[in-house]
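# Geometric and topological summary
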Amino acid sequence: MRDRYALALGDDALILAQRLGEWVARAPELEEDVALANIALDLLGQARSLLTYAGELEGAGRDEDALAYWRDDRDFRNVLLVELPGGDFAVTMARQLVFAAYQYELYDRLRASTDDTLAAVAGKAVKEVHYHRDHATQWVLRLGDGTDESHRRMAAGLETVWPYVDELFEPFDGADVDPAALREPWQAYVGAVLAEAGLEPPATGQHRTGGRRGLHTEHLGYLLAEMQHLHRSHPGATW
Amino acid sequence: MAGTEEREAAFYAIIDADGRIEPRDDMPEAYRRTLVRQIAQHAHSEIIGMQPEGNWISRAPSLRRKAILLAKVQDEAGHGLYLYAAAETLGVSRDQLLELLHARKQKYSSIFNYPTLTWADVGAIGWLVDGAAITNQVPLTRCSYGPYARAMVRICKEESFHQRQGFEALLTLTRGTPAQKAMAQDALDRWWYPSLAMFGPPDTGEQASGGHTEQSMRWGIKRFTNDELRQRFVDMTVPQSQVLGLTIPDPDLRWNEERGHYDFTPPDYDELFRVIKGDGPCNAQRLAHRVAAHEDGAWVREAAAAYAAKKQEVAA
Amino acid sequence: MTSQWPLWEVFVRAKRGLSHIHVGSLHAPDAAMAVRNARDVYTRRGEGVSIWVVPSDQITASSPDEKDAFFDPAGDKVYRHPTFYEVPAEAKHL
Ligand SMILES: [Fe+2]
Ligand SMILES: [Fe+2]
């Protein structure tokens, strides 16, 4: 049970790191290139710890790379939100705000887990995602309350990611932290940021879900094809 | 106010004493212009250089390598940033310099116009390209212009990790499967001569870079000639290639007891000039990528500036 | 409207007990972003425990034209330095 929980959280971090890595050499300014790479590196670090631990719990001899590179998309357990294409900077920041705010509440509670490894990972990660949440907050404020164009794009970015919000808070068997309990503090934080930015939470009637059960969007297959192809082309090789 | 001659004498007194010129000091206009060009070209190289390696972040063959590569490419963004800041102390803005880059009016290192075709290219770049860059840059930590020298100190500290990770990545390949070893050799075959060309045209002969070197040395913004640095790089790299078990693609490469250096075949300088002029495999692609990133980001930069202006108005 | 963000000077305290030292500069739209960017750009190898950012155009510097008048007069005040004074070797802790 717990191995599936560690795997799900690890997959979330891994897939989002992969998406953020796409911004390298494409960011709006050099300073932002450096900032986004830092966030991607934090997430990648979390992914590696969590996947390694998931492999240990599973006891089948799979390490972080076996789990990252040798599973097909039906076996990935990340939420759909993190696999969506990066879109423009506003879509990326909308996702960052939504996801970092969620991860912050999650890791903050996971620190108290009876599982020492998960508690330790959470203890380190909570500081990292605190910064990620702050980074996204700064940008949502500036884009929401910047120019007409940035406001329009930021609102559109929220529209894009909002159908994927509910999935974050769905029940998960064997979770150390009940996802449903994160909704209220998440709402309080994100709601306040949007209000200050002059943005409305989109009134979407859509609720996309399935990632935790391995039912993904079409986007994940392409992401994995790119991420995995070299590793899989040389079975058994060391890198 | 001192007269022009007196000012010039004061400038050269500092240079001759191996002192450092600082931003608000008097300096000959030609010194300032040469520095702006050199630092800008260096900064452009750092940020264009993010692309060939960034090309492999999504496909890195292990999560450990992915993290290393991401951190390395991120460092290059930082290097560009430090260098643009050093250039800005000479009275040009980053925006102006980027405009010149985008309009092809300023150059960047020819090496980044070659494609990264396999994973081994990432290792080869770290080992050879960062290695060549370090050879070029270490003497610049003692360059006469203070802000440039200080930027180089910071950069050189970070570069040593770059070269080592590249070497380690290649070593892993050469100790791996036959396919991996072949990949490593293929990368060395393709990157060797372009890396030698990074040191620029030869000191003598038809293709020599007429007179620039002498003037730059007088000003303390270049400490060694192109050929001296190229030789230093070859002497350092050949023994490393032996540790890797790879063959440098030069049948005439051999130790010259008398000179105390390796003899080697120089790179094809005509090719170097062609690539610098824009006719390399990836020139168009690299520049298009850079311009697109800049243009796609314009609305973000504008939004942040507008937000800051609004907040200032409220505060005032 | 120009969207070139202003330049900021960055000062980092490497560890407790040391002064903030100038480490470089960067561009940022405002102070809040400048201090965050400084964290990412200048402390990603654990180089600091505290950061200051100052708009570059807010720094008032002594003029290089007056540097003789500013700094030369301090050059001959040798009596300000402890090595100016000769004391017998047997006098300890001076
Ligand atoms: Fe660099
Ligand atoms: Fe480098």
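Parameters at a glance
Residues numbered from 1 in each chain as written. Chains lettered and ligands numbered in written order. Predicted model: local features only at pLDDT ≥ 70, side-chain atom pairs only at ≥ 80, totals over all residues. Heavy atoms only, no water. Helix = DSSP H or I, 4+ residues; strand = E, 2+ residues; numbered from the N terminus. Rg over C-alpha atoms; globule rule 2.2 N^0.38 Å. Buried < 20%, exposed > 50% of the residue type's maximum accessible area, 1.4 Å probe, protein only. Areas by Shrake-Rupley, 256 points an atom, 1.4 Å probe, with all protein chains shown as cover. Lys, Arg positive; Asp, Glu negative; His and termini not counted. Charge placed at Lys NZ, Arg CZ, Asp CG, Glu CD. Pairing = 2+ DSSP bridges. Axes fitted to C-alpha atoms, helices over the stretch in contact; angles between N-to-C directions. Donors = N, O, S within 2.8 Å, 3.2 Å for Na, K, Ca; no water.

- The name that an unreviewed UniProt entry assigns to chain C is 1,2-phenylacetyl-CoA epoxidase subunit B, with the source organism given as Jiangella rhizosphaerae.

- In the nomenclature of an unreviewed UniProt entry, chain B corresponds to 1,2-phenylacetyl-CoA epoxidase subunit A from the organism Jiangella rhizosphaerae.

### A closer look at the overall build of chain B
- For chain B, the helix and strand inventory stands at 13 helices and two strands.
- In terms of overall dimensions, chain B is globule-like: its C-alpha atoms have a radius of gyration of 21 Å, near the 20 Å expected for 316 residues.
- Judged by the C-alpha coordinates and their principal axes, chain B covers about 65 × 55 × 35 Å.
- Of all 316 residues assigned to chain B, the portion counted as buried reaches 59%.
- Carbon and sulfur atoms make up 53% of the accessible area of chain B, which totals about 13200 Å².
- Of the charged side chains in chain B, 37 are positive and 42 negative, and the gap between their average positions amounts to 6 Å.

### Notes on the sheet that holds strand S1 (residues 7-13) of chain C
Residues and elements named next belong to chain C.
- In space, the three strands of this open sheet follow the order S2-S1-S3, with antiparallel pairing throughout. Lying at the two open borders of the sheet, with one neighbouring strand each, are strand S2 (20-27) and strand S3 (50-55). Averaged over neighbouring strand pairs, the angle between their axes works out to 25° when direction is ignored.
- When S1 meets S3, the two strands line up antiparallel, connected through six bridges. Across the sheet, residue Phe 11 finds its bridge partner in S3, namely Trp 52.

### A look at the coordination of the iron ion (ligand 2)
Residue and element names in this part refer to chain B.
- Here the iron ion (ligand 2) is held by Glu 76 (OE), Asp 130 (OD), Glu 159 (OE), Glu 159 (OE) and His 162 (ND1), and the distances to it run 2.0 to 2.7 Å.
- Mapping the donors of the iron ion (ligand 2) onto the primary sequence gives the spacing E-x53-D-x28-E-x2-H.
- Separating the iron ion (ligand 2) from the iron ion (ligand 1) is a distance of 3.3 Å, and Glu 76 supplies a donor atom to each of them. Of this pair, Asp 130 sits in helix H6 (residues 119-137) while His 162 sits in helix H7 (residues 146-174); the two residues are 32 residues apart in sequence, bridging distant segments of the chain. In terms of burial, Asp 130 and His 162 fall into one category: buried.

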